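# Structural overview
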Amino acid sequence: KENAVIGNALVDMYVKCGMLSKAHEVLDELPIRNTVSWSSIIGGYAEQWRNFEALDCFEQMQSEGLSPDAITYIFALKACANTRSVHRGKKIHNQIIAKGFLKQNLMLGTALVDMYAKCGMLTKSRELHDKQPLRDVISWNALISGYVEYEHDHEALQCFELMQNENVSPDVVTFICILKACGSRKAFEMGKQIHDEIVARGILENNVMLGTALVDMYAKCGMLKKARNVLNHHLVLDVAPWNALIMGYSQQGQHGEALKCFELMIQKGISPDVVTFLSVLNACSLSGLLDEAEKHFLDMPNKYGIRPNLHHYTCMVNAFGRVGYFDKVMETIKKMPSCDYLPLWHALLSACSKWGNVELGRMAFN
């Protein structure tokens, strides 16, 4: 018994230090493995997004005749949620029901709500959520984030109101999700109310994700001055809110402002990323600034060490195709790491249609 306790402690220590291979090595050497040691390793794999290894361990544990406890099930459901493995999740749900673990276990109930929500089974997620005798901010967040992820923004906003009616106080995760829903629905007034509440609570300072969500919400609502004000007062040294603002200008057709914003960001010493360049190349393309688009495209690997992906190449095909530069289009396509990307061929077909290039259009279609 004493050896089992020491063995479990060793496995847990290596897991918490992120040394999962070593933890698994110790687990394999233990003469007696129990639910505690298996739960530690399953949780470690799930936390590090090594989800299939977590689920393999879960199955191996049961094949050794060991019975999972509530903690084991929570970690296994997390792995199912991360991989969208709803069939495995349902099997685990059935085991939990058979053992009667759900009664009064809020964490386990929340893990099920989260698993079904992440797998897109929102009706099932809502049903389980509503049946819980106790609901805290984490269980509400699991449901709301699922609605937002699958663009059921109206339901997310309804849940936000219901949650407050139950006197459950939102946290940062709730606010980020609801701001995203407000942006998608152009619900500026509600977004502004949430902004006021965030400021009143004093939780905006140094929270990049929350600040970025605010910038993005205002930008999507077309309130670019508001978005700019949030950016000017917070987070000037992080690329994410700048990306939200640049994309906002681009989506509102203010491509010149998007490019000015990019230049200002560079002047402030903030390094762009793949998302930044996607908006910048798109803005150049729609503004007809081919030389500038080509310069930024070449700067990505040469100046910033960023390898262009299929989205960036497609932006360049779009830019050259708009003006009928088909030699440049084909030159760009030949340099792509892969041509197995449908939007690329849509862009080329659109250009061929515009300029009457039947031969190249037929090739693109084929």
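Below, the structure is looked at part by part.

Rules and cut-offs
Residues numbered from 1 in each chain as written. Predicted model: local features only at pLDDT ≥ 70, side-chain atom pairs only at ≥ 80, totals over all residues. Heavy atoms only, no water. Axes fitted to C-alpha atoms, helices over the stretch in contact; angles between N-to-C directions. Helix = DSSP H or I, 4+ residues; strand = E, 2+ residues; numbered from the N terminus. Parallel < 35°, antiparallel > 145°, perpendicular 65-115°, else oblique. Contact = heavy atoms within 4.5 Å. Buried < 20%, exposed > 50% of the residue type's maximum accessible area, 1.4 Å probe, protein only. Salt bridge = Lys/Arg side-chain N within 4 Å of Asp/Glu carboxyl O. Core = buried A, V, L, I, M, F, W, Y, C linked by side-chain atoms within 4.5 Å. 1 Å grid on protein atoms, 1.4 Å probe; cavity = no way out; pocket = protein on both sides within 12 Å on 5 of 7 lines; lining within 4 Å. Points joined across faces, edges and corners; volume = space filled by probe spheres on them. Nonpolar A, V, L, I, M, F, W, Y, C, P; charged D, E, K, R; others polar. Left-handed = near helix turned anticlockwise from the far one by under 90°. Disulfide = S-S within 2.5 Å.

## Structural notes on the packing of helix α19 (residues 310-322) against helix α20 (residues 326-335)
As a packed pair, α19 and α20 sit with axes 9 Å apart at the nearest point and diverge in direction by 170 degrees. On the basis of their axis angle, the class for α19 and α20 is roughly antiparallel. Only K328, V329, T332, I333 and K335 of α20 make contact with α19, whose side of the interface consists of Y313, M316, V317, F320 and G321.

## Some details on the side chain of H296
Mapped onto the elements of the fold, H296 is located in helix α18 (residues 290-304). For H296, a relative accessible area of 3% corresponds to the buried category. H296 has contacts with F262, E263, F277, V280, L281 and C284, leaving out every residue within four places of it along the chain.

## Topic: the side chain of S40
Relative to the assigned elements, S40 resides in helix α3 (residues 35-47). Judged by its relative accessible area of 14%, S40 is buried. Excluding anything up to four places from it in sequence, S40 contacts V11, D12 and V15.

## Digging into the pattern of salt bridges
Inspection of the entire model under this criterion finds 19 salt bridges. Among the ionic pairs, R126 bridges to D130, the shortest N-O distance being 3.4 Å. Separated by four residues within a single helix, R126 and D130 lie in helix α8 (residues 122-131), roughly one turn from each other. In this structure, a network of salt bridges that share partners links the residues K124, E127 and K131.

## Comments concerning the nonpolar core
If you look at the biggest cluster of nonpolar residues, it comprises 117 residues, and the most contacted ones within it are I41, I194 and L348. Per-element accounting of this core gives the leading share, eight residues, to helix α5 (residues 70-83). Contact partners of I41, with chain neighbours within four places excluded, come to V15, L20, A23, H24, L27 and C57.

## Focus on the layout of surface pockets
Roughly 640 Å³ of internal volume is contained in the largest pocket. Around the largest pocket, the lining comprises 24 residues; the ones closest to its centre are K78, T110, A111, D114 and I138. Elements with a contribution of two residues or more to the lining of the largest pocket: α5, α7 (106-118) and α9 (137-149). Its residues assigned to classes, the lining of the largest pocket comprises 13 nonpolar, four polar and seven charged. There is about 250 Å³ of room inside the second largest pocket. Looking at the second largest pocket, it is lined by 17 residues, and the ones nearest its centre are L102, L128, K131, Q132 and P133. Taken together, the elements giving at least two residues each to the lining of the second largest pocket come down to α6 (86-99), α7 and α8.

## A closer look at the packing of α3 against α5
Running from amino to carboxyl end, α3 crosses α5 at an angle of 25 degrees, the nearest separation of the two axes being 9 Å. Taken together, the axes of α3 and α5 lie roughly parallel to each other. Remark: the crossing between α3 and α5 carries left-handed chirality. Contacts between α3 and α5 involve T35, S39, I42, G43, A46 and E47 from the former and T72, F75, A76, K78, A79 and N82 from the latter. Class assignment for the residues of the contact of α3 with α5 results in five nonpolar, five polar and two charged.

## Some words on the state of the cysteines
By definition, a disulfide links the sulfur atoms of two cysteine residues through a covalent bond. Applying the stated criterion to the full structure yields zero disulfides. Between C80, a cysteine without a disulfide, and C119, which holds the nearest cysteine sulfur, the sulfur-to-sulfur distance is 7.3 Å. A relative accessible area of 0% places C80 in the buried class. Sulfur of C352: no disulfide; nearest cysteine sulfur belongs to C339 and is 14 Å away. With a relative accessible area of 4%, C352 lands in the buried category.

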